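# Summary of the model geometry
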Amino acid sequence: MNVLVTGGGGFLGLYIVEQLVEAGESVRVFCRGEYPRLKELNVETVQGDLRDASAVQRACDGIDTVYHTAAVSGIWGSWDYFYSINTQGTLNILEACQSQGVSRLVYTSSPSVVYDGSEHKNANENLPYSDHYLCHYPHTKMLAEKAVLAANGTDGFATVALRPHLIWGPRDNHLIPRLIQRAQSGRLRQVGDGTNLVSMSYVENTAAAHLQVASRLFYDSPVGGQAYFINEPEPVLLWEWINQLLTTAGLSPVRKRISVKSAKRVGSVLEFIYRVLPLSGEPPMTQFLASQLSSSHYYDISRARHDFGYQPSVNFEEAMRRMQPELKRLATGS
């Protein structure tokens, strides 16, 4: 197979590329920068931007399967920025796939597309899309996911969306580094009573899920046009897990707390200040972040197991062991 991975130099994308190379696939990567690891893997690299439709067309030329992982994430920023990359960029991918004769598209979505601020306990894919969003990332990802799934079955084109929840592991350049940085600066606060359960997605398992669903994705297959939650079978206590990470890194556990009500109030005020002034960067607290840090949100993976045999191969204990060197490196800055 000739395979394209968008965002193949990023956190999840690179693991997908590595697993595809190991499986003997012919891999092309569409990304904005240069990455030494991609050169080591001897894969073809096409530099470009998702917002450039002509560049996306060139990247999809001669491709059979596209893994679309590239996106902009975050809790703050302009609507135009998030929409142009997450939604319009995905529409460019869809147009290129259909005009270039690509047969399969695996789209990396997010559980946040159905997150409405309420608790999700062992929720499944029957959850509807939210009718309101607290930040632009989930809203623009929802629009993209809907377009991807709607394109399934058009002229033999097959599509599927995976919704991995809180991807973590070695080489993480977002979630874990931010936790370590905030803990070291004394700005990390436990939001709520610390009893909230959340689903986690270890990155190697998440990458493997993309390859597994692609192997079952073809015209008129049961997985075509479907969205699947992807995470470990059992949720973890979020703040217990965070403290385990900090302890492994040689740092003190989180001792300061803030109530959910106070965190949401602070988030609302900070959002107003950052929006009006405006300030650079992102607010240290937002209403979305307060909700995510204090509520339970974990998901049932039964449908992924049944439809394409998803089974995480790296358990939580082994994942934590593999993460130890990374945690110590981040904490010491070495």
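Right above here is the structure, for reference.
Here we summarise the structure given alongside this text. This structure is a prediction, so every number in the text was calculated from the model and none was measured.

What counts and what doesn't
- Residues numbered from 1 in each chain as written.
- Predicted model: local features only at pLDDT ≥ 70, side-chain atom pairs only at ≥ 80, totals over all residues.
- Heavy atoms only, no water.
- Helix = DSSP H or I, 4+ residues; strand = E, 2+ residues; numbered from the N terminus.
- Rg over C-alpha atoms; globule rule 2.2 N^0.38 Å.
- Buried < 20%, exposed > 50% of the residue type's maximum accessible area, 1.4 Å probe, protein only.
- Contact = heavy atoms within 4.5 Å.
- Areas by Shrake-Rupley, 256 points an atom, 1.4 Å probe, with all protein chains shown as cover.
- Lys, Arg positive; Asp, Glu negative; His and termini not counted.
- Charge placed at Lys NZ, Arg CZ, Asp CG, Glu CD.
- Pairing = 2+ DSSP bridges.
- Axes fitted to C-alpha atoms, helices over the stretch in contact; angles between N-to-C directions.
- Core = buried A, V, L, I, M, F, W, Y, C linked by side-chain atoms within 4.5 Å.
- Phe/Tyr/Trp six-rings, centres within 6.5 Å; stacked < 30°, edge-to-face > 60°.
- Lys NZ or Arg CZ within 6 Å of the ring centre and 35° of its normal.
- Patch = residues over 30% accessible without salt bridge, like charges linked within 9 Å, V, L, I, M, F, W, Y side chains within 5 Å.
- Salt bridge = Lys/Arg side-chain N within 4 Å of Asp/Glu carboxyl O.
- Disulfide = S-S within 2.5 Å.
- Parallel < 35°, antiparallel > 145°, perpendicular 65-115°, else oblique.
- Left-handed = near helix turned anticlockwise from the far one by under 90°.
- Nonpolar A, V, L, I, M, F, W, Y, C, P; charged D, E, K, R; others polar.
- Right-handed = clockwise from strand over helix to strand, strands pointing away.

When helices and strands are counted, the chain shows twelve helices and 15 strands. Its C-alpha atoms give the chain a radius of gyration of 20 Å, near enough to 20 Å, the size a compact globule of 334 residues would have. Taken over the C-alpha atoms alone, the chain extends approximately 55 × 40 × 40 Å along its principal axes. The buried share of the chain, taken over its 334 residues, is 52%. Look at the contacts in the chain between residues 6 or more apart in sequence, and 77% of them connect residues 24 or more apart. As presented, the chain carries roughly 14800 Å² of accessible surface, and 49% of it is formed by carbon and sulfur atoms. Each charge sign in the chain was given a centre, from 30 positive and 32 negative side chains, and these centres are 9 Å apart.

Turning our eyes to something else, we now look at the sheet that holds strand S3 (residues 44-47). Spatial ordering of the open sheet is given by S3-S2-S1-S4-S5-S7-S12, a layout of seven strands whose pairing is parallel. Sheet topology places S3 and strand S12 (227-230) at the edges, where each strand pairs with a single neighbour. In this sheet, neighbouring strand axes are inclined to one another by 20° on average, regardless of whether the strands run parallel or antiparallel. Bridge count for strand S4 (residues 65-68) against strand S5 (residues 104-108) is four bridges, and the pairing is parallel. Each residue of the ladder has a partner; that of His 68, found in S5, is Tyr 107. Its contacts with the sheet place helix H1 (residues 11-22) against strand S1 (2-6), strand S2 (26-31), S4 and S5, and it is angled at close to 165° to S1. Strands S1, S2, S3 and S4 of the sheet are contacted by helix H3 (residues 53-60), whose axis makes an angle of about 170° with S2.

Let us now look at the side chain of His 120. Checked against the element boundaries, His 120 lands in strand S6 (residues 120-123). The buried category is assigned to His 120, whose relative accessible area is 4%.

Burial of nonpolar side chains together is a common tendency in soluble globular proteins. The biggest cluster of nonpolar side chains holds 36 residues, and the ones touching the most others in it are Trp 168, Ile 176, Trp 239, Trp 241 and Ile 242. Those elements giving two or more residues to this core turn out to be helix H6 (175-185), helix H8 (238-248), helix H9 (260-276), helix H10 (287-294) and helix H12 (316-332). Once you skip the residues sitting within four places of it in the chain, Trp 241 turns out to touch Trp 168, Leu 175, Ile 176, Leu 179, Met 200, Val 236, Phe 316 and Met 320. Ranked by size, the runner-up nonpolar core spans 33 residues in total, among them Leu 12, Leu 20, Ile 230 and Tyr 310.

With that settled, the discussion passes to the packing of aromatic side chains. For the coordinates displayed, the defined rule picks out ten aromatic pairs. With 6.1 Å between their ring centres and 75° between their planes, Tyr 81 and Phe 82 make a pair best called edge-to-face. Note on Phe 82: relative accessible area 2%, which makes it buried. Aromatic ring contacts, followed pair by pair, group Trp 168, Tyr 202, Trp 241 and Phe 316 into a single cluster. Taking the ring centre of Phe 229 as reference, the NZ or CZ of Arg 163 above it sits at 5.2 Å.

Once that is clear, we can look at a nonpolar patch on the surface. A contiguous nonpolar patch, built from Val 269, Phe 272, Ile 273, Val 276, Leu 277 and Leu 279 and spanning about 540 Å² of accessible area, is present on the exposed surface. Along the chain, the position of Val 276 falls in helix H9.

This next bit is on the state of the cysteines. Counted according to the given criterion, the structure contains zero disulfides. Summary of cysteine pairing: Cys 97 is not part of a disulfide, and the nearest cysteine sulfur, belonging to Cys 60, is at 4.5 Å. What makes Cys 97 buried here is its relative accessible area of 0%.

At a minimum axis separation of 9 Å, H3 and helix H4 (residues 79-100) run at an interaxial angle of 45°. Between H3 and H4, the angle falls in the class oblique. Once H3 is placed against H4, the crossing between them reads as right-handed. On the side of H3, the interface is formed by Ala 53, Val 56, Gln 57 and Cys 60, while H4 contributes Asn 92, Ile 93, Glu 95, Ala 96, Cys 97, Ser 99 and Gln 100. A per-class count over the contact of H3 with H4 returns six nonpolar, four polar and one charged.

This part covers the pairing of strand S7 (residues 158-164). Most of S7 is tucked away, with seven of its seven residues classed as buried. The two faces of S7 match: Ala 158, Val 160, Leu 162 and Pro 164 on one face and Thr 159, Ala 161 and Arg 163 on the other face are all buried. Direction of pairing for S5 relative to S7: parallel, over a ladder of five bridges. In the strand pairing of S7, Thr 108 is matched with Leu 162.

Another point: the pairing of S4. Burial along S4 is two-sided: the face carrying Thr 65 and Tyr 67 and the face carrying Val 66 and His 68 are both buried. The pairing of S1 with S4 spans four bridges and is parallel. If you follow Val 5 over to S4, its bridge partner there is Tyr 67. In this region the chain leaves S4, passes through H4 and returns to the parallel neighbour S5; the handedness of that crossover is right-handed.

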